[in-house]
Amino acid sequence: MKKILVVLRYVVIVLISMLCLAPFGILLILSLNTPQRNFYEGNMFIPDFYFRNFSDGWKQSQIGHAMLNSGIITAGALVLIVILGAMAGYAVARCGNKFNRMVYLIFLCCMMVPGIINTVPLYGLMIKLHAVNTLWGMACVCATLAIPQAVFVFTGFIKALPKELEEAAVIDGCSNVQVFFRIILPLLKPSVSAVVILNGFGIWNNYAQAAFFLQERAKHNVPQALSIYFQQFAGAKWNIMASTAVIAIVPVVIAFLLFQKNLMRGLTDGALKG
């Protein structure tokens, strides 16, 4: 009976995995078909391996420039999220006074507020700062929306770290700032990986805020560039649209493969030990 249950469990896992991978498989097949071929003609699971779609999509959509913009925004936002989120989490975890606890509760409450709700007042603030249609402004917006979650993750992880490490560093003459950057921050690699994955994908694929704050074509990120490019064809050239979408998701897949090992550890260590 146990063997049957184990087999059924693996069958269910395989079926769920295939269901999740099916859209990506269809997208890849479409991207490799010739423009003249209908998806339902012949064997739909064997593409034509027409690689020219990728070069045509790259040139026509200007996706390379959009990927550069998204990369700058994502990198800038993640640096702010990791540094500021870790510093705030360290303060909350190690200085448990009433003020810090109140700030921590505010962060938790901010996690429950959808980011799109703040867009209108945030737009007025961005105009005053002359940050509309700027990559640094968009990076700051994305970082601001993601910092509460980062503080939550870092706080739980830092609470699990032994205080003796910091006490030994203080005895050796380190200041609080040196303790954080030399002792604590290097130990946060698993939680940093979790924060990077959880927020990096959302920032790379951000469309709701980008539609407000990145209105110039030269400042568009990947979702905006894909949206405008797809509107030009209105479903007429599925092969080129699919190849452009494949190009856009390659950096995301690479980033996930690099950081996925530490994702679950970063999320669970603080919860289990904190």
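Here, every reference points to the structure presented above.
Here is a short report on the structure shown in this document. A quick note: this is a predicted structure, and the numbers were derived from the prediction, not measured. (Residues numbered from 1 in each chain as written. Predicted model: local features only at pLDDT ≥ 70, side-chain atom pairs only at ≥ 80, totals over all residues. Heavy atoms only, no water.)

## Examining the environment of Asn 33
To keep things clear, this is the line we draw: Only runs of H or I of at least four residues qualify as helices and only runs of E of at least two qualify as strands under DSSP, and these elements are numbered from the N terminus. Only protein chains enter the accessibility calculation, which uses a 1.4 Å probe. A residue is then buried if its area is under 20% of the maximum for its type, exposed if over 50%, and partly exposed in between.
Its location among the elements puts Asn 33 in the loop between helix H1 (2–31) and helix H2 (52–61). Residue class for Asn 33 comes out buried when judged on its relative accessible area of 3%. The spacing of Asn 33 and Leu 187 is 154 residues in sequence and 47 Å in space, taken between C-alpha atoms.

## A closer look at the nonpolar core
Here is the rule we go by: Think of a nonpolar core as a cluster: buried Ala, Val, Leu, Ile, Met, Phe, Trp, Tyr and Cys residues, connected wherever their side-chain atoms sit within 4.5 Å.
In this structure, Ile 73, Ile 81, Met 138, Phe 154, Ile 184, Leu 188 and Ile 203 are the most contacted members of the largest nonpolar core, which totals 43 residues. Mapped by element, the contributors of at least two residues to this core are helix H3 (63–94), helix H4 (98–111), helix H6 (135–159), helix H8 (176–187), helix H9 (189–204) and helix H10 (210–213). It is H6 that provides the largest number of residues to this core, a total of 14 residues. Leu 32, Met 67, Trp 204 and Leu 226 belong to the second-largest nonpolar core, a separate cluster that totals 13 residues.

## Topic: the pattern of salt bridges
Close approach of charged atoms lets side chains of opposite charge pair. Defined as follows: The term salt bridge refers to a pairing of a side-chain nitrogen on Lys or Arg with a carboxyl oxygen on Asp or Glu at a separation within 4 Å.
Inspection of every chain in the model, using the stated rule, returns two salt bridges. One salt bridge in this structure joins Arg 52 and Asp 56, with 3.6 Å as the shortest N-O distance. Separated by four residues within a single helix, Arg 52 and Asp 56 lie in helix H2, roughly one turn from each other. Ionic pairing is found between Glu 166 and Arg 94, a salt bridge with its closest N-O pair at 2.7 Å. Residue Glu 166 is found in helix H7 (residues 164–171), and its partner Arg 94 is found in helix H3; the two are separated by 72 residues along the sequence. On the basis of relative accessible area, Arg 94 is assigned to the buried category, the value being 18%.

## What to know about H9
The condition is simple: Here, expected helix span is obtained from the residue count minus one, scaled by 1.5 Å.
A rise of 1.5 Å per residue sets the reference length of H9, with its 16 residues, at 22 Å; its end C-alpha atoms lie 21 Å apart and thus fit the reference within 8%. Within H9, twelve of the 16 residues are buried, leaving the element largely enclosed by the surrounding structure. Within H9 the residues assigned to the buried category are Pro 190, Ser 191, Val 192, Ser 193, Ala 194, Val 195, Val 196, Ile 197, Asn 199, Gly 200, Ile 203 and Trp 204.

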